[in-house]
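Topology and contacts: notes
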Amino acid sequence: MAMIDRSFTIIIWIMAGLVLLAFGWLVSDVVVQGAPKLSWQFLMDEPTRSGREGGIYPIIVSTLLILMTALVVVLPLGLGSAIWLAEFSSKSSKRVRTTRLILDVLAGVPSIVFGLFGYAFFCGFLDLGFSILSGGLTLACMMLPILIRTTEAGLAAVPQDWRKAGAALGMSRTTLLWQVLLPYASPAITAGLLLSIGRATAETAALIFTSGYVDRMPESINDSGRALAVHIYDLSMNVVGGDKASYGSALVLILMVVIINLSASTLSEFWLEKKISRLK
Amino acid sequence: MLSKSLTLLLTLYIVFAGTAVVHAKGNTRLVLTGSSTVAPLALEMAKRFEKSHPGVRIDVQTGGSSRGVVDARTGRADIGMASRSLNQSESDLFSHTIAFDGISIILNKSNPINSLSNVQIQNIYTGKIRNWYQVGGPKMPITVVNKAEGRSTLELFLHHFGLKNSNIKASVIIGDNQQGIKTVSGNPGAIGYVSVGAAEFEEGYGTPIKLLPMSSPLSRPLNLITKQAPDGLAKQFILFAQSSEVNDLIEEQYFVSLAAPSK
Amino acid sequence: MSEFLSPPKNIDRWLGIGLSMLMGLVALLLILIVAFLASEAWPVIQGDSWARFFNSDGWYPLENKFGLLPMLWATLAVSVGAVVLAFPLGLGSAIFIEYYAPRVIGKPFSSVVTLLAGVPSVVFGLWGLTELVPLINNVHPPGASLLTAILVLTLMILPTISLTSRSALSSLPAHLLQNSAALALSKKSMIVGVLVPTASKGIVGGVLLALVRALGETMAVLMVAGNVVQTPSGLFDPVRVLTANIALEMAYATGEHRAALFASGLLLMVLVICVVWMTSRLSSGEVNGYD
Amino acid sequence: MSNGLVKGNAYTLGSIEQGEPCCDPIPHFSINNLAVSYHNEMVLSNVSLEVYKGCITALIGPSGCGKSSFLTALNRLSDMVPGAEVSGDIVFEGENIFDASIDVRALRTKVGMIFQKPNPFPLSIRKNLELPLKEHGVRNKSEIESKIFDALQSVGLWDEVKDRLQSSALSLSGGQQQRLCIARALILEPSVLLMDEPCSALDPISSGIVEEMIQRLAGRYTIIIVTHNLAQARRIANYAAFFWMTERVGKLIEFGQCRPLFESPQHSLTAAYVSGEMG
């Protein structure tokens, strides 16, 4: 018995070790090759010679703007849909089951198809042109299924007792949702949000066709702007001798994701602490 | 707390987006879309052009030669970019060559083979020769690197060696040049074909690849495409892109300028 | 689960209506995407010409051969392989964070996993191409292969499984832990016998999300899989997946070739629908009642 | 006095006229021919009885005989259970609670409910009490304060928690949590408290405290309590209703004053159950 328990512990540690190892390999590769390029100037300059020299300032700005655009759309739409699915719909109804199917399928659409769709629909049909706006909207489409699924799962995991308690006190679902359910589910929601932000910042194929390739400073969200992932892809695949700058940009992108993750989880923990006093 | 910071962010964003709408698109804007091979070059040309023509904005987009052709035809772009010649169904469009891209066979540096005949290359690509010792090299299986269907370099290669794509026995199929170079540099038994300029740069840079001398040079044109005979700003830019003012930019991207065409 | 709700008063009704409209918008989006795909693929799927997707030998669109089956098998092999590897690792690391790691290790470890989710696929691809492919080439050329694609994809979907499993585990009610501890269960039996099964719904959801993501992943697989159109017969065979097919050739495709690429996108959607449908069949069941 | 009692229920043999009346037997709930089914499967049928104002009515019987279903029908929480259907009449304070004109939320503020497992919200102690108040329109700060004080006082929790109202309700012991839940129900000033085995998840000492408190609340509130603890029912209840399952459907077997029902049951099933021979 103790033997089994012991070996299980060892297996779990080994698994964690493996994950860490693979990650370490990947990241150290990026850090070793990208660190020499990293400097204040690299962050603050415009790119020159197709990005081989100069910096990535306009690209960082474009990336953040695209992400913001996507979030502005995805947060209300995604959280709203998830709340409807988890709290306001009857689970067994056909409509809900169809919706779920649709979401799962949406999660599996290859990013390049999203890109081509965004190109035809947002850039073309809605006449938004190749712009940060089009790119953000396309990304939003990709993020939706991830955010909805994880938020829904988070809400479903909230103990039923509190819904009963709320009902017995004659409270509205809205109050209960806002005061109890959402705060309690917020770690799961944050995890989902981070997952989808991660996917969005890492996205290349969908953005090449929508937000575009222009590497100058965007003046507005109607301007085309190059995202970091697109920049990395272009440097490593199309620009001869772009590898160094490519790794440098990859390092910046990873750092950016770290910062976003940290601030999001801090924010959500703060909210949690404020609302919920949970015992762990 | 969360809701407050969200509101703040949202407000900032809306203010920003609001100013966006005020920025009306001027008519001094030119949109180029298409080939990912041409795009980095066109982008640099555009930057230089913008400098000498204040107020003009040129947006260069990438996405592939076919996109360049389609966008030029539908008018979504003022100028398309293609790293190939127009085919018959596209003869209604106008193409303007701005540079050439040569193609070279590359091997891994550790491979002692220094030249291959056309017949040997044919046999390697059709799978009749599968090991380097059959052409006088070490005992080592050959990794044949081919390009994906539709790419102009593939067509050029097939045409030059009189091959059919369905007869080629490839071990790896790649998209872009750099992927080809990375594949060959990481594999001692690999053979592939990529842009000369890219290969020369990487070889000089220390990447473990080597170029094989070719009996006759292979090259493809890099084109700008318009729907009609160009006029106005588009015409100015195309003429600029074909002028000697941009030779240094072309060389920087390891292409061959019009002044010294290789074909 | 969540059907035990307070009675609707007006605010609830309006909120419900508003939310369902949002949901409708999202559903509309997918329908738009599928319609878009279908309309682009229409030239090659109308009439009975779609049959050539399944009976052509090989994929040579310029020679009018449109065999998609080898790529379908390759897509399945790569995705299932990646999930088989990523599932134990992902679940294991979630268990590690929740129940084994001391706090000083657990927190950084979990941020590492989240971070992994944000690494762009190009970087995974680049790393796979320059580090993993040469390594595997030493074992069995050409290196770019089914195995490489599986390994790279494993790393890419691991965070999805790990993060969703973890949030499923962490939202288990505390009394469950106490109860099983009270039964003097060993930690392992507690986790394997009680906690993981109870959280299984969330975990399965995460695995599904990961599988579907694996099916749809493009850039990284394109860079490491070798992209030769053939039915995989071994781990070291180079293969081409459906998404890579689109990305590789779309840039240069015109006419029927282009339409055929959209058809391969459509086929991928059909695949995803099958997977989703099967999972929903597997996990459907128990209705929570009262009393 | 109890003329409506027997109608439509052949099993209800007991009569409240046995023994001294313990309190004013003014009907607070009049239940007539109540039946509950889930997904078309009948779990409780043909229940008629009256619940008297200010009295404690204990519902006893084995598990699964429909006691909890009966209880949730009284504040229409059963509406929310998927597949649940309730038929019959329940008249509460002069109105049939199944009338379309009934405001269910208002009903639930008048009929509070306590669950088997303490379920305070994962908020601070204060917020647990504040939330329902604010939800029902109490905004005045000092009014909220005094109501919180009153509610905690009446469950005997004030002295225990007055210094840590900001700390998590989940940090309280099980018994304290349950009393907090009762305070949370009381703060809306209901006239009825429904209690679904409120002590069964608690340790004996906490259980004793809660039981004592329930007794103190009697008189001010009408209390209906489901309990498996016969001794407890006997100690605290004025009236008792015995449920039993026949042919997989729950039925009310006997209803009457508590002591007579335990000491001289009219029905053989009741006699067997209370003596411990069966159940």
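The secondary structure content of chain B amounts to 9 helices and 10 strands. By residue count, 58% of the 263 residues in chain B fall in the buried class. Residue pairs in contact within chain B that sit at least 24 positions apart in sequence constitute 74% of those at least 6 positions apart. Element-wise, carbon and sulfur atoms account for 57% of the exposed surface of chain B, whose accessible area totals about 10700 Å².

With 93 residues of chain C in contact, the opposing surface of chain A contributes 95 residues. Summed over both partners, the interface of chain C with chain A comes to about 8400 Å²; 78% of that surface belongs to carbon and sulfur atoms. Our count for the chain C to chain A interface comes out at 0 salt bridges. The element best represented in the side of chain C that touches chain A is helix 1 (residues 10-45) of chain C, accounting for 17 residues.

Counting buried residues along helix 11 (residues 242-250) of chain C, 9 of its 9 residues qualify, which places the element largely inside the surrounding structure. The complete set of buried residues in helix 11 of chain C reads C:Leu242, C:Thr243, C:Ala244, C:Asn245, C:Ile246, C:Ala247, C:Leu248, C:Glu249 and C:Met250.

As a further point, take the interface of chain A and chain B. At the interface, 42 residues of chain A touch 45 residues of chain B. Counting across the interface, chain A meets chain B through 8 salt bridges. A salt bridge links A:Arg216 to B:Glu50; the nearest nitrogen and oxygen atoms lie 2.5 Å apart. Across the chain A-chain B interface, the total number found is 17 residue pairs in polar contact (both at pLDDT 80 or more). Taken together, the elements giving at least two residues each to the side of chain A that touches chain B come down to strand 1 (47-48), helix 3 (57-88), helix 5 (111-125), helix 10 (228-237) and helix 11 (243-275) of chain A. Residue composition of the side of chain A that touches chain B, grouped by class: 20 nonpolar, 12 polar and 10 charged.

If you walk through the whole model with that rule in mind, you get 38 salt bridges over all chains. D:Glu211 is paired through a salt bridge with D:Arg235; the nearest N and O atoms lie 2.5 Å apart. Of this pair, D:Glu211 sits in helix 7 (residues 204-217) while D:Arg235 sits in helix 8 (residues 230-236), placing them 24 residues apart in sequence. Each of the salt bridges in this network shares a partner with another, and the network as a whole consists of A:Arg216, A:Glu219, A:Asp223, B:Arg29, B:Glu50, B:Arg57 and B:Asp59.

Below, the discussion takes up the arrangement of the chains. Where the 5 pairs of chains in contact are concerned, the greatest contact count is recorded for chains A and C. Looking at chain B next to chain D, you find no contact at all, with the nearest C-alpha pair sitting 16 Å apart.

Here the focus is the domain arrangement of chain B. You'll often see interface size given as the accessible area lost when the parts meet. All names here are of chain B. Split by domain assignment, chain B resolves into domain 1 (2-101 + 221-257) and domain 2 (102-218). On the domain 2 side, the residues contacting the 6 residues of domain 1 number 10 residues. Between domain 1 and domain 2, the buried area comes to about 590 Å², and carbon and sulfur atoms account for 45% of it. Summed over the three residues of domain 1 that lose the most area to domain 2, namely Arg84, Asp101 and Tyr254, the buried surface amounts to 79% of that side. On inspection of domain 1 and its partner domain 2, the count reaches 0 salt bridges. One can count 2 residue pairs in polar contact (both at pLDDT 80 or more) joining domain 1 with domain 2.

In this structure, B:Tyr125, B:Trp132, D:Phe121, D:Leu152 and D:Ile182 are the most contacted members of the largest nonpolar core, which totals 302 residues. Top contributing element to this core by residue count: helix 3 of chain A, with 17 residues. In this structure, D:Tyr52, D:Val81, D:Phe92 and D:Val111 belong to the second largest nonpolar core, which totals 37 residues.

A separate point is the environment of A:Ser268. Residues and elements named next belong to chain A. Position of Ser268 among the secondary structure elements: in helix 11. A C-alpha to C-alpha distance of 9.1 Å links Ser268 and Ile189, two positions 79 residues apart in sequence. In contact with Ser268, not counting residues within four places along its chain, are Ser186 and Thr190.

The next thing to look at is the environment of C:Asp237. Residues and elements named next belong to chain C. One can find Asp237 in the loop between helix 10 (219-224) and helix 11. Look at Asp237 and you get buried, because its relative accessible area is 19%. Linking Asp237 and Ala74, residues 163 residues apart in sequence, is a C-alpha distance of 10.0 Å. The residues contacting Asp237, other than those within four sequence positions of it, are Ser145, Leu146, Gln230 and Pro232. There is a polar contact of 2.7 Å between the side chain of Asp237 and the side chain of Ser233.

Residue and element names in this part refer to chain D. The element strand 3 (residues 56-60) is largely enclosed, with a buried count of 5 among its 5 residues. Residues Ile56, Ala58 and Ile60 of strand 3 are buried on one face, and the alternating residues Thr57 and Leu59, pointing to the opposite face, are buried as well. In the sheet, strand 3 pairs with strand 9 (residues 239-246) via 4 bridges, with the strands oriented parallel. Note on strand 9: the bridge partner recorded for Leu59 is Ala241.

All names here are of chain A. On the surface, Ile10, Ile14, Leu18 and Leu21 cluster together into a nonpolar patch covering about 400 Å² of accessible area. Here Ile10 lies in helix 1 (residues 2-34). In this structure Ile10 comes out as partly exposed when scored by relative accessible area, which is 45%.

With that settled, consider the side chain of B:Ser185. Residue and element names in this part refer to chain B. Position of Ser185 relative to the elements: it lies in helix 6 (residues 177-185). Only 3.1 Å separates the side chain of Ser185 from the backbone oxygen of Lys182, close enough to count as a polar contact. Contact partners of Ser185, with chain neighbours within four places excluded, come to Asn108, Thr207, Pro208 and Ile209.

Let us look at the side chain of A:Arg163. Its location among the elements puts A:Arg163 in helix 7 (residues 160-168). A distance of 3.2 Å separates the side chain of A:Arg163 from the backbone oxygen of A:Val158, its partner in a polar contact.

What counts as what
Residues numbered from 1 in each chain as written. Chains lettered and ligands numbered in written order. Predicted model: local features only at pLDDT ≥ 70, side-chain atom pairs only at ≥ 80, totals over all residues. Heavy atoms only, no water. Helix = DSSP H or I, 4+ residues; strand = E, 2+ residues; numbered from the N terminus. Buried < 20%, exposed > 50% of the residue type's maximum accessible area, 1.4 Å probe, protein only. Contact = heavy atoms within 4.5 Å. Areas by Shrake-Rupley, 256 points an atom, 1.4 Å probe, with all protein chains shown as cover. Buried area = accessible area lost by both parts, 1.4 Å probe. Salt bridge = Lys/Arg side-chain N within 4 Å of Asp/Glu carboxyl O. Polar contact = N/O pair within 3.5 Å; in protein donor to acceptor, adjacent residues only side chain to side chain. Nonpolar A, V, L, I, M, F, W, Y, C, P; charged D, E, K, R; others polar. Domains from an automatic or database assignment. Core = buried A, V, L, I, M, F, W, Y, C linked by side-chain atoms within 4.5 Å. Pairing = 2+ DSSP bridges. Patch = residues over 30% accessible without salt bridge, like charges linked within 9 Å, V, L, I, M, F, W, Y side chains within 5 Å.

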